[in-house]
Amino acid sequence: MNWLKQKSIKRRMLIVVLINGILIFGSVFVLSKAIERQNNDALLVNLAGRQRMLTQRIAKSSIALSTAFLDEAENKTMRSILIDSKHLYGETINMFMYGGTTEIGGIQVSAPPLATHNNHLKELYDVWLDYQKDIDIVIASPNQTNDEKMEFEEAIRDIISENEILLWKTDALVTLLQEDAESHINLVKKIMLGIVMLEIIVILFFTRSIDLVILNPFKRLFDALESVGRGERYFPKRHELYLEWIQTFQHISDMNGKLFSAKDELRRFNLELEDKVKTRTADLEDTIHKLETTYKKLLESEKQASLGALVAGVAHEVNTPLGVCLTGSTQLSDESEHFLTKIQNNQMTRADLVDYLKVSTDLINILVFNINRASDIIRSFKKIAIHQSTEIIEAFYLDEYLNDLWISLSHITKKYKTEFNNQLSHKIIYGDPGDYSQIFTNLIMNTFSHAYEIGDAVRIEIASTEDDNLLIISYKDYGRGIKAENLDKIFDPFYTTNRSGGGSGLGLNVIYQIITTKLGGEIKCISERGYFTEFLIKIGKYTEEYYEN
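Below: a short report on this structure. Since the structure is predicted, the reported quantities are computational estimates derived from the model, not experimental observations.

The rules behind each value
Residues numbered from 1 in each chain as written. Predicted model: local features only at pLDDT ≥ 70, side-chain atom pairs only at ≥ 80, totals over all residues. Heavy atoms only, no water. Core = buried A, V, L, I, M, F, W, Y, C linked by side-chain atoms within 4.5 Å. Buried < 20%, exposed > 50% of the residue type's maximum accessible area, 1.4 Å probe, protein only. Helix = DSSP H or I, 4+ residues; strand = E, 2+ residues; numbered from the N terminus. Contact = heavy atoms within 4.5 Å. Salt bridge = Lys/Arg side-chain N within 4 Å of Asp/Glu carboxyl O. Axes fitted to C-alpha atoms, helices over the stretch in contact; angles between N-to-C directions. Parallel < 35°, antiparallel > 145°, perpendicular 65-115°, else oblique. Left-handed = near helix turned anticlockwise from the far one by under 90°. Nonpolar A, V, L, I, M, F, W, Y, C, P; charged D, E, K, R; others polar.

Attention now moves to the nonpolar core. Core analysis: the biggest nonpolar cluster contains 42 residues, and Tyr436, Ile439, Phe440, Leu443, Ile462, Ile473 and Phe535 have the highest contact counts within it. Elements represented by at least two residues in this core include exactly α9 (398-408), α11 (433-451), β6 (457-467), β7 (470-477), α12 (507-518), β8 (522-528) and β9 (532-539). At 7 residues, α11 tops the list of elements feeding residues into this core. Contacts of Phe440, omitting those with residues within four sequence positions, involve Leu398, Leu402, Leu405, Ile462, Ile473 and Tyr475. In terms of nonpolar packing, the next biggest core, distinct from the first, is built from 31 residues, Leu43, Leu44, Leu114 and Val127 among them.

Shown next, in the form of structure tokens:
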């Protein structure tokens, strides 16, 4: 019930796609039924036309048999034609009344019984019964006595008079069937027009949804990120309607608030430290304690800085699929207006309808794909952002968490030709996911900052094993490596070989502090200049039993 009450972007998009799928299926179903009905109407009209032709053939054959100019072979031929015509006419009228199968143009066709015009068909059938009796008299009288001859001549006269009645009733039946076919076509047109109107309404609703659910909130998100980037205090300006956006803007506000609190605290502490150094050098022990606290604040600031870079990168990555969605929805609206114009001008053809359905389906698939892509990016960012901004112990799969982290760093990795081999064991571990996020974010950032140049082919391998109640993780890249004389200093605070490039020297030190103090482990680095760099991490605090105790 909570899922139904909460407004969700994914649920709204799924509803739109489901409705559109139902309309497309309905269009195809109605179109197939219309084609089937038109084929049946055409078959009935052809059968009625064949009745008319057979009526004329029977009359001509009967008149020919009544003359004295036929030799024996011609007489036999005419009787054979008359017999075949009588049989075929009976088969045709039985198909109208009871349904069945017959041959037209060398092809076997079948039709159900005619469900309408029963009175007219019964009158035609009654005339046919009398007509059939006269035909039988003509067929059965090759050598006639005087009485039989009189009966034969009377049958000929009846055939001629009844022929006109059959022709008139057959023509009336053809007219009725043609009117039926026309009414069926008009009904299908009305149904298809209704479906098209519903499709247009769905498209307009979808376009409005894109603006309301995606584009407008993203404009507010970009404004929020620009405000945070300028170092301003951020407060949400309006209440968002959808759960995903509510959580996103709330997390940005919370992270921004924590960053400002840390800055204010650091500023205040520095002022106090300066005053105490100037006025009381005797309070050396207290000063050392405050310096340690300042160092912890710097480490926290380093974490917040990496999170800020992550926020900016995610905003840039999400912009591409949203641009595709805007272009696709605009084209879909144009196609719909063009198609509606054809309908209003009575210029719609079956090919137009099929083309429109195909184009609209392709565009909707593109929109759904790019919306899901943006959703995946936001989901990965949200998970990483929450864990970096809060401290909580939970169970999670490290390999899956690392994949989400890699997606969140795509704004950096896409500048290189990357090969990322995540060979971590698919096993639940326990701890604060934010610690692992900080460790691997810094390692990956170090790889791209120090081991490679933009455009290089990057290869990173991460694997894990367990040994003697320790989780052993290997992080390895095949970049330029580290000089042997620097290996002993890389974990020292403020040590960096990239000071001119903006390096703070705290990245690896943050990793060292997390592993040794919070995770009960150790880290060491192995490197060969020009070939590879490998960090071996041993973690002791990763099982449920440890955190229960």
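Additional details are given in the paragraphs that follow.
This next bit is on the pattern of salt bridges. Scanning all chains against the criterion turns up 6 salt bridges. In this structure, the salt-bridge partner of Glu265 is Arg268, at a minimum N-O distance of 2.4 Å. Residue Glu265 and its partner Arg268 are both found in helix α6 (residues 243-279); the two are separated by 3 residues, about one turn of the helix. Taking the shortest distance from any N to any O, the salt bridge between Lys518 and Asp435 comes out at 2.9 Å. With a gap of 83 residues between them, Lys518 in helix α12 and Asp435 in helix α11 connect regions that are remote in the sequence. Salt bridges here are not isolated pairs; linked through shared partners, they connect Glu265, Arg268 and Glu272.

At their nearest, the axes of α11 and α12 sit 9 Å apart, and the two run at 150° to each other. Overall, the two elements α11 and α12 adopt an arrangement that is roughly antiparallel. Crossing handedness for the pair α11 and α12: left-handed. Counting all contacts with α11, which are made through Asp435, Gln438, Ile439, Asn442, Leu443 and Asn446, the residues of α12 involved are Gly507, Leu508, Val510, Ile511, Ile514, Ile515 and Lys518. Classifying every residue of the contact of α11 with α12 by side-chain character gives 7 nonpolar, 4 polar and 2 charged.

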